[in-house]
Protein chains: 2
Amino acid sequence: MTRSIHRQLPDEDIIYFGDTARVPYGNKSRATVIRFAREIMAFMMENRVKMVVVACNTASSLSLTSLKKTYPVPVIGVITPGVRDAVRVSKNGRIGVIGTSSTIASGAYDREVARAGLSCRLFSKSCPLFVPLVENRFINDPITYEVARRYLAGFKTRHIDTLILGCTHYPILRTVIGKVMGNVRLVDSSSAAAEEVKATLSKKGLEASRRRRGKTRYYVSDDVEGFSRVSGIFLKEKINVKKVVI
Amino acid sequence: MTRSIHRQLPDEDIIYFGDTARVPYGNKSRATVIRFAREIMAFMMENRVKMVVVACNTASSLSLTSLKKTYPVPVIGVITPGVRDAVRVSKNGRIGVIGTSSTIASGAYDREVARAGLSCRLFSKSCPLFVPLVENRFINDPITYEVARRYLAGFKTRHIDTLILGCTHYPILRTVIGKVMGNVRLVDSSSAAAEEVKATLSKKGLEASRRRRGKTRYYVSDDVEGFSRVSGIFLKEKINVKKVVI
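Calculation rules
Residues numbered from 1 in each chain as written. Chains lettered and ligands numbered in written order. Predicted model: local features only at pLDDT ≥ 70, side-chain atom pairs only at ≥ 80, totals over all residues. Heavy atoms only, no water. Helix = DSSP H or I, 4+ residues; strand = E, 2+ residues; numbered from the N terminus. Rg over C-alpha atoms; globule rule 2.2 N^0.38 Å. Buried < 20%, exposed > 50% of the residue type's maximum accessible area, 1.4 Å probe, protein only. Areas by Shrake-Rupley, 256 points an atom, 1.4 Å probe, with all protein chains shown as cover. Axes fitted to C-alpha atoms, helices over the stretch in contact; angles between N-to-C directions. Parallel < 35°, antiparallel > 145°, perpendicular 65-115°, else oblique. Left-handed = near helix turned anticlockwise from the far one by under 90°. Contact = heavy atoms within 4.5 Å. Nonpolar A, V, L, I, M, F, W, Y, C, P; charged D, E, K, R; others polar. Buried area = accessible area lost by both parts, 1.4 Å probe. Salt bridge = Lys/Arg side-chain N within 4 Å of Asp/Glu carboxyl O. Polar contact = N/O pair within 3.5 Å; in protein donor to acceptor, adjacent residues only side chain to side chain. Least-squares fit on C-alpha atoms with pLDDT ≥ 70 in both. Domains from an automatic or database assignment. Pairing = 2+ DSSP bridges. Phe/Tyr/Trp six-rings, centres within 6.5 Å; stacked < 30°, edge-to-face > 60°. Lys NZ or Arg CZ within 6 Å of the ring centre and 35° of its normal.

Asks: Tell me what's going on with the overall build of chain A, and back it up with residues and numbers.
Replies: When its secondary structure is counted, chain A shows 11 helices and nine strands. For 246 residues, the compact-globule estimate of 2.2 N^0.38 gives 18 Å, and the C-alpha radius of gyration of chain A, at 18 Å, lies within 12% of that figure. Principal axes of the C-alpha set define a box for chain A whose edges measure 50 × 40 × 35 Å. Within the span of chain A, comprising 246 residues, buried residues form 54% of the whole. When the accessible surface of chain A is totalled, it reaches about 11,800 Å², and 50% of it is carbon and sulfur.

Asks: Could you give an account of the packing of helix H4 (residues 79-89) of chain A against helix H6 (residues 108-116) of chain A, with specific residues and numbers?
Replies: Residues and elements named next belong to chain A. Packing of H4 against H6 brings their axes to within 10 Å, and their N-to-C directions diverge by 55 degrees. Taken as axis vectors, H4 and H6 run oblique relative to one another. Where H4 crosses over H6, the handedness of that crossing is right-handed. The residues of H6 that touch H4, namely those facing Ile79, Thr80 and Val83, are Ala108, Tyr109, Glu112 and Val113. Its residues placed into classes, the contact of H4 with H6 shows five nonpolar, one polar and one charged.

Asks: How would you summarise the interface of chain B and chain A if you had to cite specific residues and measurements?
Replies: In this complex, chain B contributes 31 residues to the contact, which on the side of chain A involves 31 residues. When chain B packs against chain A, the two sides together hide about 2,200 Å² of surface, and 56% of this comes from carbon and sulfur. On the chain B side of the interface with chain A, the three residues burying the most area are Leu129, Ile143 and Arg150 of chain B, jointly 22% of the side's total. Where chain B meets chain A, there are two salt bridges. For Arg150 of chain B, the salt bridge goes to Asp141 of chain A, with nearest N and O atoms at 2.8 Å. For the pair chain B and chain A, the number of links is 12 residue pairs in polar contact (both at pLDDT 80 or more). Sorting the residues of the side of chain B that touches chain A by element identifies helix H2 (30-46), helix H7 (130-135) and helix H8 (142-152) of chain B as the ones contributing at least two each. A per-class count over the side of chain B that touches chain A returns 15 nonpolar, six polar and 10 charged.

Asks: How would you summarise the environment of Lys236 of chain A if you had to cite specific residues and measurements?
Replies: With respect to the helices, strands and loops of the structure, Lys236 of chain A is situated in the loop between helix H11 (224-234) and strand S9 (241-243). Each C-alpha atom, one on Lys236 of chain A and one on Arg213 of chain A, is 18 Å from the other, the two residues being 23 residues apart in sequence.

Asks: Account for the relation of the copies chain B and chain A, with residues named and values stated.
Replies: In screw terms, the move from chain B to chain A is a rotation of 180 degrees and a rise of 0.0 Å along the axis, fitting with an RMSD of 0.0 Å. Seen this way, the second copy is the image of the first under a two-fold rotation axis. Minimal C-alpha separation from the rotation axis in chain B is found for Arg22 of chain B, amounting to 2.4 Å. By residue overlap, the copies meet face to face through one surface: 100% of the interface positions of chain B are interface positions in chain A.

Asks: Requested: an account of the pattern of salt bridges, with residues and values cited.
Replies: For side chains bearing opposite charge, pairing can occur when the charged atoms are close. Scanning the entire structure with this criterion turns up 20 salt bridges over all chains. Its salt-bridge partner being Arg88 of chain B, residue Asp85 of chain B comes within 2.7 Å of it at the nearest N-O pair. One end of the pair is Asp85 of chain B and the other is Arg88 of chain B, both in helix H4 (residues 79-89) and three residues apart, which spans about a single turn. Given the relative accessible area of 15%, Asp85 of chain B is considered buried. Note on Arg88 of chain B: relative accessible area 60%, which makes it exposed. A single network of salt bridges, built from pairs that share partners, joins Asp19, Arg22 and Glu39 of chain A.

Asks: Describe in detail the domain arrangement of chain A, supporting the description with residues and values.
Replies: All names here are of chain A. Assigned domains within chain A: domain 1 (2-78 + 191-243) and domain 2 (79-188). Once you take the C-alpha centre of each, domain 1 and domain 2 turn out to be 22 Å apart. Across the boundary between the two partners, domain 1 contributes 22 residues, which contact 25 residues of domain 2. A buried area of about 1,700 Å², summed over both sides, lies between domain 1 and domain 2, and 54% of it is on carbon and sulfur atoms. Contact with domain 2 buries area across many residues of domain 1, yet Asn57, Ile233 and Phe234 alone supply 31% of it, more than any other trio. Between the two partners, domain 1 and domain 2, sit one salt bridge. Two residues, Arg84 and Glu196, come together in a salt bridge whose shortest N-O distance is 3.1 Å.

Asks: Quick one: what's the story with the environment of Gln8 of chain A, residue by residue and with numbers?
Replies: Residue and element names in this part refer to chain A. Along the chain, the position of Gln8 falls in helix H1 (residues 2-8). Along the backbone, Gln8 and Arg115 are 107 residues apart, and their C-alpha atoms lie at a distance of 27 Å. When near neighbours in sequence (up to four residues on either side) are disregarded, Gln8 contacts Ser191, Ala194, Glu195 and Lys198.

Asks: Go over the sheet that holds strand S6 (residues 162-165) of chain B, please, and point to the residues and values.
Replies: All names here are of chain B. Spatial strand order, S5-S4-S6-S7: four strands in an open sheet with parallel pairing. If you trace the sheet from one side to the other, it starts and ends with strand S5 (121-126) and strand S7 (185-188), each paired once. Pairwise comparison of adjacent strand axes, ignoring direction, gives a mean angle of 25 degrees for this sheet.

Asks: Any chance you could break down the packing of helix H8 (residues 142-152) of chain A against H8 of chain B for me, citing the residues and the numbers?
Replies: Axis separation between H8 of chain A and H8 of chain B bottoms out at 10 Å; the angle between their running directions is 170 degrees. The orientation of H8 of chain A relative to H8 of chain B falls into the category roughly antiparallel. Of the two possible hands of crossing, H8 of chain A and H8 of chain B adopt the one that is left-handed. Contacts between H8 of chain A and H8 of chain B involve Pro142, Ile143, Glu146, Val147 and Arg150 of chain A from the former and Pro142, Ile143, Glu146, Val147 and Arg150 of chain B from the latter.

Asks: Any details on the packing of aromatic side chains? Residues and values, ideally.
Replies: The full count for this structure, using the stated rule, is 18 aromatic pairs over all chains. Their ring planes at 40 degrees and their centres at 6.5 Å tell us that Tyr218 of chain A and Phe227 of chain A sit as a pair that is tilted. Both residues of the pair, Tyr218 of chain A and Phe227 of chain A, count as buried. Between Tyr25 of chain B and Phe36 of chain B the ring centres are 5.7 Å apart and the planes differ by 45 degrees, which places this aromatic pair in the tilted class. One end of the pair, Tyr25 of chain B, is in the loop between strand S1 (14-18) and H2; the other, Phe36 of chain B, is in helix H2, and 11 residues separate them in sequence. Taking relative accessible area as the criterion, Phe36 of chain B reaches 1% and is therefore assigned buried. The rings of Phe130, Tyr151 and Tyr170 of chain A together with Phe138 of chain B are connected pair by pair, giving a single aromatic cluster. Stacked on the ring of Phe36 of chain B, the Lys or Arg Arg22 of chain B has its end atom at 3.7 Å from the ring centre.

Below is the structure:
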């Protein structure tokens, strides 16, 4: 997500916060995820950010409505942009979404598709083992293919032509999911969300006024070493990370 | 663990705390696990407990030394009792241990076997996918067998005769691990730890003075529903759970 935003908005500074001491969020309750999200928002407010992207699908699904009401800056999530992209690329209006248990159980994607007001049908499936498989580097692995075949079997009879990868970690499994699903478009919400960031800043007149290369600062709540190990799965470049207890 | 303690000490009341808002601990750092453990200890002290069992192998490995120094009550972990049991049952002195990434990386089992001062050799392997497999009910499942074969392959050439199940969740996979390992004794530390609880209470003269059936109260840090779902994997009886934010 930081890369997608940086690509769209090279002049903007980004503050990334990863709640590594308390992840995964994917099977936690709405009340707990809202509490954690508010603590992170307090950190963001201290850092005087001009807008916030909730770049975790579970946190977006469970806390976005609550956060939007509370803070004086624009807060955007990753559900709306992902659905918008999927609705745009789907030809037959039959869309699948995969995510964590809490994301799927929340019904956030169902509500968003209904709100899009089109004659789309959404089919959803939680895939709770995908995050630990990615974090433990079972990526192009026969075990991961077997898990994916199990999770995705139900989509076969639904004739979807588009599948939303509704979790930060799932694009890492793009090859596996793609091979198991066959001829289906896979939608990763990060570039659509970055477009929404750009549109929001522009609409509110909040774009960076200086023209210079924006910097990204990374913060995590657990020790830096663990994050550096996992972030290598997602990021190619070497990054500088600080720990902050929230 | 609560069942093992209740079986050994039917007159004692038990307060269980499960940090469901922040688990899993298995890949978290020492500093973070110690911080969380201290917060839980504060809750235990408020409840005026007479001793504490750190019934999580990761928390035992990373925080026990620190906790023992700080609190006015006896604090015991699950590493020492597990090693004691393994050393007792092993015939050839070649012992394996499996656990989370943080447990294995901590070296706690290596130190404990060295301290036992015997000519035992310890071989260790982290099995980070076992916890999510159990929690997602991939129990007697071909995928779990495949993961177990992968993780445990290295033990084959080590000629171990005893394997310590060094994580709360692993006894649920006893059948899978047993079939993959063949003729190897599996050691689950919970009954050995319950014996140590009994011995400690007796030594300090802290046993319950009344003779009546002890009660177990369950507390968790996330919503109760999620815990009730997962606890069904571990416990047969129906239990009463309360949420407490620490």
